[in-house]
Structures are given as C-alpha cells and as structure tokens.
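Structural description and commentary
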Amino acid sequence: MWTLAGQGCWRRCALAAWATRAARRGLPAPRPAPTRGAAAESKAPDRSYSSADRKEKIDMSRFPVENTRNFSIIAHVDHGKSTLADRLLELTGAIDKTKNNKQVLDKLQVERERGITVKAQTASLFYDYEGKQYLLNLIDTPGHVDFSYEVSRSLSACQGVLLVVDANEGIQAQTVANFFLAFEAQLSVIPVINKIDLKNADPERVEKQIEKVFDIPSDECIKISAKLGTNVESVLQAVIKRIPPPKVHRKNPLRALVFDSTFDQYRGVIANVALFDGVVSKGDKIVSAHTQKTYEVNEVGVLNPNEQPTHKLYAGQVGYLIAGMKDVTEAQIGDTLYLHKQPVEPLPGFKSAKPMVFAGMYPIDQSEYNNLKSAIEKLTLNDSSVTVHRDSSLALGAGWRLGFLGLLHMEVFNQRLEQEYNASVILTTPTVPYKAVLSSAKLIKEYREKEITIINPAQFPDKSKVTEYLEPIVLGTIITPDEYTGKIMMLCQARRAVQKNMMYIDQNRIMLKYLFPLNEIVVDFYDSLKSLSSGYASFDYEDAGYQTAELVKMDILLNGNIVEELVTVVHKDKAYSAGKAICERLKDSLPRQLFEIAIQAALGSKIIARETNLIFVTESNICDETWTTWKYMGKTPSKGSILFTTHNSYSLLLSVKLLTS
C-alpha cells in the first residue's frame, strides 16, 4: 500500500514539475494517467469535459502571424483524408502513435459506423521547422457531394488546401468539384497523391491527370502513403513553404467569424471561430452582429484535437469560444463577433445553402412533438445547411418540412436524431423544389409574388392557375473508364439529361458533363450508375438553376380517397410508368384486409394505373357462391388462403386460385 502510494505521489510531483516547464514554453502538458475507475470512461472521447480536465493553458502570443498557417484537406470520398489527418496529428505530437488511431477527428457515431466524414473538424498542430515553432490549423472536411457546404464553409477560414488524390483511382468527380471550390476562393492548392503503397497504384498517371485537368505542374505533387506514414512529413513542410500566412491585423478591433458551432447542455453553445482582426480573451464582453446581444466570454481555446483552453486567441488563429449562449438560435453560422462598444463592419459570412431535397418529418407519437422540436433545433445549429418549415398532415399530425442537400444528408440527419437525441420519426418520400409562374393578377396579389416555390407536392397548383412550371436542373459530372461510356450515356438519356461536354482525362478515363433534371437523379441514379460501371464511375453535381417543364400532379387514391402524403409531381411523359410502379409497390406493402382495396394513380380526374389488393380469406368472409365453386373443384379453402379477385363474379368463378397451407 505504502509503495503504491509513494509511486503515485512521485508521479504527481513529476507531472507538476513537467507542467511548470511546459507552461513556461507555452506548450500543453501531458494528460495524467487515468485511475482504475476512470479507465473505462476514458475509452470514449467526452468533448463536454475535456477542457475542464486541463487547467494549464497555452500562451498563443508565442505564435506570430507569419508563423501561422490555416489549411484544409479536401478530396473525393475514401481517398484518405481522415487517415492523412491522423498521421499529421501523430507527427506533431497532438496524439500518441498507436494502432487505434483511425478517424480520430471523426467524432460522431454515424461517421465511425459509415466510415465517412460528415462534419468538418478542426485541430491546431504545433510543429518545429528550421528552428521556428509553427501553428498549423488543420480542418478535415467531408468528401461526399451532399456535404459540400461543409467544405465551402471550412475554406473561408483557410489560406490553402491539401488536394488528396488516390494513386489507384485517380481524379474523381468530387475531386474536380472541391478543386474549383478552392480555386474560386483563391487558395493555394497542394496536390497530394495518396496510397502509393497499393499494388495497382500508378502515381505517374495521376500526376498527368492533375496537370491536364487542373493545370498544376506534376513536379508540385507530393507522393505519400498516409496509412504507412511514408513521406508524410514533407506535406507539413510544403504547408509551411507554399501556403501564405493569413492577412490580418492584431492591433485592430476584434472581428471573429463563427464558421461552426455545437451545443453542450451544460455550457451552452460552443462556437468555432476564425479571428480576422484583434484579440479575444476570457472576461471580454462581445456582441453578435446578427442578434445585437451582448455576452461575456467564459472560455477561449484551441482544438488539439480536444478542447485546450488558452489565455487569449489572436488574429489569424482558429479556435473555440464559449460565451454563455443558452439558446440555439443565438449562434448563427456566418455571424460576426466584435468587442462591446467597438463596433466593426460585419464579415461577408456564407452564402446560404440551397436545399436540393425536401421531406416531411413527423414524430411517431404526437406527445413527443416538443422533444423532437428541441432536438431538431439543436441539430440544425450544428448542421446549418438544413432548412426547417412547419407543416401538418391529416394522417401524421404536426411536423416539419425539412430541406436537405441530398439523400445521404437526409439519412445522416435522421440517424443523428436517433443516436444523439433518441428521437424516432416518420420521414415522407423525398421531393425536389419546383416553381410555378402565376397567370392572373389576383393570384399574384394573393401569393405576393409572380413566381412561387413549391416544396410540398400536395400544394402543387392546378394548370389553370399558372402559365408555366419550372423544375430544378443540375450540372452533373461523371468520371468513368471509357469501356462503360455507352451504357452510362444510355442511362443519362433515359433520365432526360442533355450532354454538354465530353473529355478524356487520360488514355482510359473519360469525363462527361450533363444537364440533369434534379428529380431524375435524386433517388436512385447513383445506384444505377455504380451498377452499370461495376462501381468504377463517380458522380458529382452542382446547381444550374431552373428550366421549363411539362409537370403534372399525380394523386394516389385508396378506395377512392386521395392520400395527401403519397401525392407526387412527375414529368408528363413518365406519369404512367411512375403511377404503375407506385401502385405495384403499395399492393405489395399494404397488409391484406377482409375487403378489396382499390389502389389507383390519377392525373386530375383521369385514372392512369390501378392495382387491387388481395383479400385475406377467413372462414367468415367466404361467400356461399365461392364456397360451392371450391367444393365443386374438390378443394377446401383454409384460413389464410389468398383469393385473387377480379371485377365480376363470373370471371371470379373461372379464375379462382387457391394457395393452401
């Protein structure tokens, strides 16, 4: 007992002495070893208490502007962004080198389950190079097209990017899209060719692709293996040499941009900020340019990658700020924070995200409405690209109409609601936003605008009220091996796409550009594309406005009653096939009843498709005539048999089929 206590005491004294020396140098001290009781808890990262556990603070004044670099990692899905981020954290000492370092910055449960990055995450790295200590602020970004808004927001806090490309797959669709996001923001681009350790890797071919598509000289490419750590240190050196320091002024009044935020139930809103001017420290009174409310700063710090409190944050640095914001509506992403009584011109902020997909969301039990409302508010604080409109349904009750950037975005949002807030919801069929140009002055006065946007198909106006309908279109980019080009072009034509461009990026790969109606690609186009190309094709799209289209509202009727939740908007040429498909799916999905259910698809008063649900046969619902016919055929119906019905009793008697158990 005495020996163990002595060892513990010696370790505490040694740690205290180390922490004192580290504080003088302005570096973070190591974490004390967890006790047995805390060992189990230490396995799962707890962001809520990480800063409270560390009392020592870093002196950020030791990093002048010229020794600061802010950069992001951008790439296509699964090209190794998070793996590279893990190696950079290890090289700079932010995390220990262990075999368990996989997706360290991917903190959400949904990210680890799906193996993708959903939220951009920040980490401040301290790196010694040529006798100087540098502060490198890294932002790891998502790679899927549905989360491109996260990428564009992250780039606003950076001066350069690492463009990671897979040495085996080469340039993909999202690689092109992310490059042009960085190019439009006038950022320095460092191409990094990853996975050179793979058997089929061909970095020389990828170098030529980068030079042809992006006009970046091949000698500027850095070849690495993030998994093995090969040549990763040259990436850090390239960041220092090729990315310029931020252009800021520390003597000017404070101007801080809120580029992300999360909600903590104990500490309120935690805002991720990039300082463009001035200094902020604990105790300062700050004002939100959006709400004009005043707050007192409780804590400032950097993410390393967990929260590490500091004395101050200076212009050019990226960190977090807690100021007692208790309401989720108070922290708007894109907001500008400034010191009380020192007003400044607000920063431009961000262009608001444009939803591509809308779906209705309702609580399974209406008694859970307020809990779900609170959960959606907190989650939209962390994911500001989701738009929320209140909605109600006769069958489902009160709910919301939510706008998402894509189907994966919708699935991830729903999964986060379940995992983080234990909320179970009903989601309706996703639709796209249409527009209608009104025909009369009376209607224009009623709606207060000539061109209205329809996000709920049930509110689609009749043709007599409008001069034309408009549907959203997107410019899609497909990169595929040339052997699949014919099949893919046929698929695009079947989806009413118009070809705009075709270019070979090397001897075997081709880049196609098409204008697609958004409604044609939003549900199953990506799956069809992957199936046709054996998984080799990649797809990305960007908004391209609206175009005139012949659209019709298709009602789904059950026994003559319109079901509002199943109403959909389709192109006139595809109304019959879409209606027939929906009726067939409903026939398979609806439970059989003791009576016939007519499932119909209708355009106005015209029925275009019909299916009839099967009758579930019991001893009590078999009519005498049918029973006599079966007895004549030498068969006895059993409970649970299926009776296929037709429209008159004569054909019924001739076409009876009995499935006995």
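Residues numbered from 1 in each chain as written. Predicted model: local features only at pLDDT ≥ 70, side-chain atom pairs only at ≥ 80, totals over all residues. Heavy atoms only, no water.

1. A look at the overall build of the protein
Stated precisely, the cut-off is as follows: Helical segments are the DSSP runs of H or I of at least four residues, strand segments are the runs of E of at least two, and each set is numbered from the N terminus. A 1.4 Å probe rolled over the protein chains alone gives each residue an accessible area, and that area as a share of the maximum for its type sets the label: buried under 20%, exposed over 50%, partly exposed in between. In what follows, a contact means two residues having at least one pair of non-hydrogen atoms within 4.5 Å.
Counting its regular elements, the protein contains 17 helices and 33 strands. Burial status across the protein gives 50% buried among its 661 residues. Residue pairs in contact within the protein that sit at least 24 positions apart in sequence constitute 68% of those at least 6 positions apart.

2. Details of the packing of aromatic side chains
The condition is simple: We call Phe, Tyr and Trp rings a pair once their centres come within 6.5 Å, taking the six-membered ring for Trp, and we label the pair stacked below 30 degrees between planes, edge-to-face above 60, and tilted otherwise. Think of it as a cone above the ring: NZ of Lys or CZ of Arg counts as a charge over the ring if it is within 6 Å of the ring centre and within 35 degrees of the ring normal.
All told, the structure shown has 16 aromatic pairs when counted by the stated rule. Between Tyr-369 and Trp-400, the ring centres sit 4.7 Å apart and the planes meet at 5 degrees, which makes this aromatic pair stacked. Placement of Tyr-369 in helix α9 (residues 369–382) and of Trp-400 in strand β19 (residues 397–404) is noted, with a sequence separation of 31 residues between them. Here Tyr-369 matches Trp-400 in class, with each residue buried. Three or more aromatic residues joined by ring pairs form one cluster here, namely Tyr-514, Phe-516, Phe-525, Phe-539 and Tyr-541. One cation-aromatic arrangement involves Lys-435 over Tyr-546; the distance from NZ or CZ to the ring centre is 4.5 Å.

3. Points about the environment of Thr-310
Put simply, the test is: Nitrogen and oxygen atoms within 3.5 Å of one another constitute a polar contact, given that in protein one can donate a hydrogen and the other can accept it, and given that sequence-neighbouring residues count only through two side-chain atoms.
Structurally, Thr-310 can be placed in the loop between β13 (307–309) and β14 (312–314). Judged by relative accessible area, Thr-310 falls into the buried class, the value being 2%. Each C-alpha atom, one on Thr-310 and one on Glu-299, is 8.1 Å from the other, the two residues being 11 residues apart in sequence. With sequence-adjacent residues up to four places away left out, Thr-310 is seen in contact with Lys-57, Ile-58, Met-60, Val-300, Gly-301 and Val-302. A polar contact is formed between the side chain of Thr-310 and the backbone oxygen of Lys-312, at a distance of 3.1 Å.

4. Points about the packing of helix α12 (residues 485–494) against helix α14 (residues 525–532)
This is how the line gets drawn: Lines fitted to C-alpha atoms define the axes, with helix axes restricted to the stretch in contact, and inter-axis angles between N-to-C directions lie between 0 and 180 degrees. Every angle not falling under 35 degrees, over 145, or within 65 to 115 is termed oblique; those three ranges are roughly parallel, roughly antiparallel and roughly perpendicular. By convention, the crossing between two helices is left-handed when the near helix turns anticlockwise from the far helix through less than a right angle, and right-handed when the turn is clockwise. For this classification, the nonpolar set comprises Ala, Val, Leu, Ile, Met, Phe, Trp, Tyr, Cys and Pro, the charged set comprises Asp, Glu, Lys and Arg, and every other residue, Gly included, is treated as polar.
At their nearest, the axes of α12 and α14 sit 10 Å apart, and the two run at 160 degrees to each other. Comparing their axes, α14 and α12 come out roughly antiparallel. With respect to the hand of their crossing, α12 and α14 are arranged in right-handed fashion. From α12, Lys-487, Ile-488, Leu-491 and Cys-492 reach across to α14, where they touch Phe-525, Ser-528, Leu-529 and Leu-532. Considering only residue class, the contact of α12 with α14 consists of six nonpolar, one polar and one charged.

5. Here's the deal with the side chain of Arg-416
For Arg-416, the position within the fold is in helix α10 (residues 407–421). Given a relative accessible area of 4%, Arg-416 falls into the buried group. In contact with Arg-416, other than residues within four places in its own chain, are Leu-108, Val-110, Lys-119, Leu-379, Asn-382 and Tyr-421.

6. Description of the sheet that holds strand β10 (residues 285–288)
For clarity, the cut-off: Strands are labelled as partners when DSSP assigns at least two bridges between them.
Taken together, eight strands build an open sheet; the order of strands is β11-β10-β16-β7-β8-β15-β12-β13 and the sheet is antiparallel. Each having just a single partner strand, β11 (294–296) and β13 make up the two edges of the open sheet. Taking the axes of each pair of neighbouring strands and ignoring which way they run, one obtains an average angle of 40 degrees across the sheet. Pairing geometry for β10 and strand β16 (residues 336–339), over three bridges, is antiparallel. The residue bridging Val-287 from the neighbouring strand is Tyr-338, located in β16. Contacts between α9 and the sheet are confined to β7 (255–264) and β8 (268–277), with β7 contributing the most and set at about 145 degrees to the helix.

7. Brief notes about the sheet that holds strand β3 (residues 132–140)
One open sheet holds the six strands; their spatial order is β2-β3-β1-β4-β5-β6, and the pairing between them is mixed. On the outer flanks of this sheet lie β2 (121–129) and β6 (222–223), each paired with one strand and no other. Judged from the five bridges that link them, strand β1 (residues 68–75) and strand β4 (residues 160–166) form a sheet pairing that is parallel. Note on β4: the bridge partner recorded for Ile-74 is Leu-163. Sitting on the sheet, helix α3 (residues 81–91) touches β1, β2, β3 and β4, and the angle it makes with β1 is about 150 degrees. Contacting β1, β4 and β5 (188–194), helix α6 (residues 173–184) runs over the sheet at an angle of about 150 degrees to β1.

8. Notes on the pairing of strand β31 (residues 606–613)
When strand β30 (residues 597–603) meets β31, the two strands line up antiparallel, connected through seven bridges. Along β31, the bridge assignment pairs Ala-598 with Thr-612.

9. Points about the confidence of the model for the protein
Note the cut-off: Per-residue confidence from the prediction method is given by pLDDT, with values spanning 0 to 100.
The pLDDT averaged across the protein works out to 80; a share of 83% of its residues lies at or above 70. Segment residues 1–55 is flagged for pLDDT under 50; beyond a separation of four residues in sequence, or across chains, it makes 46 contacts in the model. Throughout residues 618–661 the model reports pLDDT below 50, and contacts reaching past four residues in sequence, or to other chains, amount to 59 contacts.

10. Structural notes on the pairing of β30
In terms of burial, β30 is largely enclosed, as six of its seven residues are buried. Sheet topology places strand β27 (residues 551–558) next to β30; five bridges connect them, and they run antiparallel. Looking at the pairing, Leu-557 lines up with Gln-600 of β30. Taking the residues that link successive antiparallel strands as the turn, the β30-β31 hairpin has two residues, and the phi of Gly-604 there is positive, at about 70 degrees.

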